[in-house]
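# Remarks on the overall topology
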Amino acid sequence: MAEKSSVLQSYLSCHVCSETFRDPVSLSCNHNFCSSCLQKFWEQAKNKNCPICKRKSSKDFVQVNFPLKELADSFAGRQKSGSFETEKGEKKVEVVCSKHQEETKLFCEDEQRAVCPVCEFSLHQSHKVVPVEQAVSELKEKLKSDLKSLQDKRNKYKQVEKTYNEVAQHSKKQLLSTKSQIRAEFNKLHQFLKEEEESRLAALREEEEQKGKTISREIKKIQEQISSLSDSICAVEEELQKHNVPFLSSYKATQTRARVQCSLSDPQLVSGALTDVAKHLGNLSFRVWEKMKDQVHFSPVILDPNTPSGWLHLSDDLTSVRHGDIYQQLPDNPERFNKYAIVLGSEGFTSGQHSWEVEVGDHPDWFLGLVKESVDRKEKISTSKYGMWFLRHDNGKYTNVAGETVRVTKSLQRIRVQLDYDTGEVSFYDPEDTTHIYTHRDTFTEKLLPYFSIGKAGGAKTADIKICQTDISL
């Protein structure tokens with residue numbers, strides 16, 4: 001009798017784990033194995049061969065041999081429900097089918113739910129059914145991918161938050177500097193101009209408040225998104241810790257929430273977060289003295305300190321620029337050029353005639369002219385693609401936008417830039433004798449901004465190029 005029992009035990013034992021079959025499957029070579037043991041063996045061997053005879057299986061997935069399973073369960077005296085201890089001594093809960101009282105070790109991909117072998121045999125034969133372990137492994141991999149997308153999205157939001165903090169810090173420095181310069185200008189005026197000074201400071205305080213609210217609002221939005229993304233990441237991480245069937249019952253909702261947040265558009269910096277310094281400082285003396293009916297010096301172009309790269313240094317009155325030896329750490333706001341040593345004027349033109357003169361002295365490397373407001377400030381600029389009209393000087397040689405040499409009779413110390421928007425002309429003159437240098441002709445369709453670019457001065461006496469002021473009698 002013992003010999004028969006031994007033979008039966010041998011027949012009902014898996015050749016991989018040497019234990020009585022659990023969910024046995026039969027290959028075409030008639031060798032039987034536990035379903036999970038066979039799947040693990042195939043994964044390790046990286047092929048679909050029989051562990052015993054090495055014959056290649058014709059199917060990627062084989063169905064459970066139910067008669068053999070019932071015989072093995074009966075021989076082993078297994079319970080239909082309850083719990084058991086793993087090899088590590090951990091208590092593992094077996095979820096059973098409510099209809100058949102069989103352990104739900106299979107997963108129907110068509111209906112996205114766990115099923116027992118009887119369900120699979122009677123209701124899911126035409127469906128794609130895989131072992132629960134395999135389904136959990138595949139679905140967790142998908143959820144891990146969603147987790148990475150969430151983490152990447154959060155990192156983008158954090159980067160934008162960092163830039164906003166840099167903008168906020170730089171804006172504070174601008175505010176302090178602007179206040180100081182405003183007070184310096186007003187200290188030169190008579191006492192009765194105090195009211196005008198206070199009105200300017202009030203405008204600055206109002207902008208400070210508005211800019212502060214804008215930055216605070218945007219940072220708050222970013223922080224809320226980061227918080228929401230962090231909650232989703234925690235939810236996904238908790239989901240990934242769940243065991244098979246509980247995981248399957250709730251993973252879809254977690255995945256849907258994760259993917260909705262992954263589809264959020266990337267955060268973008270808004271323009272105009274920095275203080276509009278040019279508005280407060282540009283032509284300040286002229287505007288104040290205009291009320292006094294006296295003569296003042298007027299600068300036709302004011303440089304915009306929110307546009308230059310870190311290599312360029314502007315004067316306090318925003319009318320001259322030089323190329324520095326040390327790169328300034330400035331926030332990468334949308335208005336700023338970050339690849340070229342370029343600065344733009346603070347005000348543009350959409351019609352009429354305009355002109356200004358620039359003192360260049362003996363500086364060896366500069367560009368002067370106009371550019372479309374829509375010029376890309378973060379990428380390489382192609383003069384043929386973007387609207388640019390300028391005169392260039394490079395070590396004694398003058399060229400136009402096309403790179404063609406412009407002939408002059410002498411070295412130019414001062415340049416007059418003249419725009420006739422309506423006729424589509426940008427011209428350059430020597431103001432000393434009004435000699436015409438060159439004219440660009442084009443059709444203008446958008447706002448044009450004064451354009452300046454300057455290289456290192458080297459041994460030249462002139463380190464800065466400066467916009468010349470104009471005497472105006474009021």
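Before reading on, note that the structure itself is shown above.
Residues numbered from 1 in each chain as written. Predicted model: local features only at pLDDT ≥ 70, side-chain atom pairs only at ≥ 80, totals over all residues. Heavy atoms only, no water.

## Side note on the pairing of strand S13 (residues 365–372)
A large share of S13 lies buried, amounting to six of its eight residues. In terms of strand pairing, S13 meets strand S19 (residues 448–454) through seven bridges, oriented antiparallel. Counted as the bridge partner of Lys372 is Leu448 from S19. (Buried < 20%, exposed > 50% of the residue type's maximum accessible area, 1.4 Å probe, protein only. Helix = DSSP H or I, 4+ residues; strand = E, 2+ residues; numbered from the N terminus. Pairing = 2+ DSSP bridges.)

## A closer look at a nonpolar patch on the surface
Together, Leu8, Tyr11, Leu71 and Phe75 give the surface a local cluster of nonpolar side chains, amounting to about 340 Å² of exposed area. Those elements that place two or more of their residues in the nonpolar patch are helix H1 (2–11) and helix H3 (66–76). Mapped onto the elements, Phe75 comes out in helix H3. Classification of Phe75 by relative accessible area gives partly exposed; the value is 31%. (Patch = residues over 30% accessible without salt bridge, like charges linked within 9 Å, V, L, I, M, F, W, Y side chains within 5 Å. Areas by Shrake-Rupley, 256 points an atom, 1.4 Å probe, with all protein chains shown as cover. Salt bridge = Lys/Arg side-chain N within 4 Å of Asp/Glu carboxyl O.)

## Structural notes on the packing of aromatic side chains
Taken as a whole and judged by the stated rule, the model has 10 aromatic pairs. An angle of 25° between the planes, with centres 5.8 Å apart, marks the rings of Phe349 and Trp356 as stacked. We classify Phe349 as buried; its relative accessible area is 11%. Judged by relative accessible area, Trp356 falls into the buried class, the value being 3%. By the ring-pair criterion, three or more aromatic residues cluster together here, those being Phe367, Phe390 and Tyr451. When the ring centre of Phe247 is taken as reference, the NZ or CZ atom of Lys140 above it lies at 5.6 Å. (Phe/Tyr/Trp six-rings, centres within 6.5 Å; stacked < 30°, edge-to-face > 60°. Lys NZ or Arg CZ within 6 Å of the ring centre and 35° of its normal.)

## Observations regarding the packing of helix H6 (residues 194–241) against helix H7 (residues 244–262)
Where H6 meets H7, the axes come as close as 10 Å, and the angle between the chain directions of the two elements is 155°. Classed by the angle they form, the pair H6 and H7 counts as roughly antiparallel. As for how H6 packs across H7, the hand of that crossing is left-handed. Two secondary-structure elements touch here, H6 through Ser228, Leu229, Asp231, Ser232, Ala235, Val236 and Glu239 and H7 through Pro246, Phe247, Ser250, Tyr251, Thr254, Arg257, Ala258 and Gln261. Taken together, the residues of the contact of H6 with H7 break down into seven nonpolar, five polar and three charged. (Axes fitted to C-alpha atoms, helices over the stretch in contact; angles between N-to-C directions. Parallel < 35°, antiparallel > 145°, perpendicular 65-115°, else oblique. Left-handed = near helix turned anticlockwise from the far one by under 90°. Contact = heavy atoms within 4.5 Å. Nonpolar A, V, L, I, M, F, W, Y, C, P; charged D, E, K, R; others polar.)

## Observations concerning the pairing of strand S12 (residues 353–359)
As paired strands, S12 and strand S16 (residues 414–420) are joined by seven bridges and run antiparallel to one another. In the strand pairing of S16, Val358 is matched with Ile415. Bridge count for S12 against strand S20 (residues 464–467) is two bridges, and the pairing is antiparallel. Residue pairing in the sheet places Val358 in a bridge with Ile467 of S20.

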